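Residue strings, one per chain:
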Amino acid sequence: MAERLEYTRGRLSEHDVAKNPLDQFAHWLQDAIADKVVEPTAMCLSTVGPDGKPSSRIVLLRGQDEFGFTFFTNYLSRKGQEISGSQWGCLNFWWGSLERQIRIEGSIERVSPEESDSYWRDRPYESRLASAASPQSQVVENREELVAMVEQVRIDRADDVLRPAHWGGYRLVPEYFEFWQGGPARLHDRLVYQRTADQWTIKRLAP
Ligand SMILES: Cc1cc2nc3c(=O)[nH]c(=O)nc-3n(C[C@H](O)[C@H](O)[C@H](O)COP(=O)(O)O)c2cc1C
């Protein structure tokens with residue numbers, strides 16, 4: 001617990017970053033891939049329950065464009081239910097070897113059924129089976145019950161495992177970004193982008 005890392009890999013200046021945070025995100029993601037970060041698209045997604053309590057889990061980023069950040073999951077899962085109740089969510093990337101964190105806040109909406117179908121068709125057969133069978137976030141008796149559910153779907157839908165209506169994509173539409181670069185002596189760089197009308201304003205936060 002006493003270990004203290006000095007962050008020395010880089011600096012982040014308001015003069016060098018892209019004007020649009022989506023471009024800045026794309027640069028940093030490329031850096032993470034080039035640096036061979038393990039699962040660079042793994043992001044922590046936080047949602048809020050009806051009691052105001054937050055919950056977090058990792059999901060994989062499957063698409064990023066000017067409309068937002070897309071991931072796929074079970075709409076009936078805990079996260080799905082929480083998104084139905086409050087559309088607000090937050091994503092967090094931590095790329096340790098680069099000493100970088102990105103925080104993205106926004107509203108979450110479902111992608112179109114066509115977009116979910118298109119992604120579903122590209123998934124391996126075994127992944128489709130598992131997603132069709134698994135009642136994500138529900139209590140199951142034991143692992144054997146889960147395996148039996150998968151085998152039942154394998155028998156029932158031997159020809160083709162169609163996308164169940166309760167499985168699909170979500171898009172977080174960003175309105176706030178923070179790019180964090182670790183710095184020496186705890187003087188980290190934090191640049192935030194905030195959307196005002198059609199423009200992004202960049203500000204620096206104290207570490
Ligand atoms: C590296 C990694 C990637 C994951 N990717 C996904 C994903 O893309 N979609 C998903 O539903 N769950 C994914 N999971 C599982 C989730 O973290 C979580 O256990 C699951 O979605 C249930 O969350 P919930 O009960 O809060 O809804 C991933 C877990 C890890 C560790």
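Check the entry above for the structure.
Before going into details, it helps to say that this report is about the structure given with it. (Residues numbered from 1 in each chain as written. Predicted model: local features only at pLDDT ≥ 70, side-chain atom pairs only at ≥ 80, totals over all residues. Heavy atoms only, no water.)

With that settled, the discussion passes to the packing of aromatic side chains. Evaluated as defined, the whole model comprises 18 aromatic pairs. An angle of 5° between the planes, with centres 6.2 Å apart, marks the rings of Tyr119 and Trp167 as stacked. Taken together, the residues span a long stretch of sequence, with Tyr119 in helix H3 (residues 113-122) and Trp167 in strand S7 (residues 167-181) at a distance of 48 residues. The exposure class assigned to Trp167 is buried, which follows from its relative accessible area of 5%. Aromatic side chains Phe177 and Trp200 sit 5.5 Å apart centroid to centroid with 80° between the ring planes, which places their arrangement in the edge-to-face category. One end of the pair, Phe177, is in strand S7; the other, Trp200, is in strand S9 (residues 199-204), with 23 residues separating them in the sequence. Taken as a pair, Phe177 and Trp200 share a single burial class, namely buried. Here the aromatic residues Phe25, Trp28, Phe69, Phe93, Trp95, Phe177, Phe179, Tyr193 and Trp200 are joined through ring pairs into a cluster of three or more. It is Arg110 that lies over the ring of Tyr75; its NZ or CZ is 3.7 Å from the centre. (Phe/Tyr/Trp six-rings, centres within 6.5 Å; stacked < 30°, edge-to-face > 60°. Helix = DSSP H or I, 4+ residues; strand = E, 2+ residues; numbered from the N terminus. Buried < 20%, exposed > 50% of the residue type's maximum accessible area, 1.4 Å probe, protein only. Lys NZ or Arg CZ within 6 Å of the ring centre and 35° of its normal.)

Shape descriptors only; they carry no functional weight alone.
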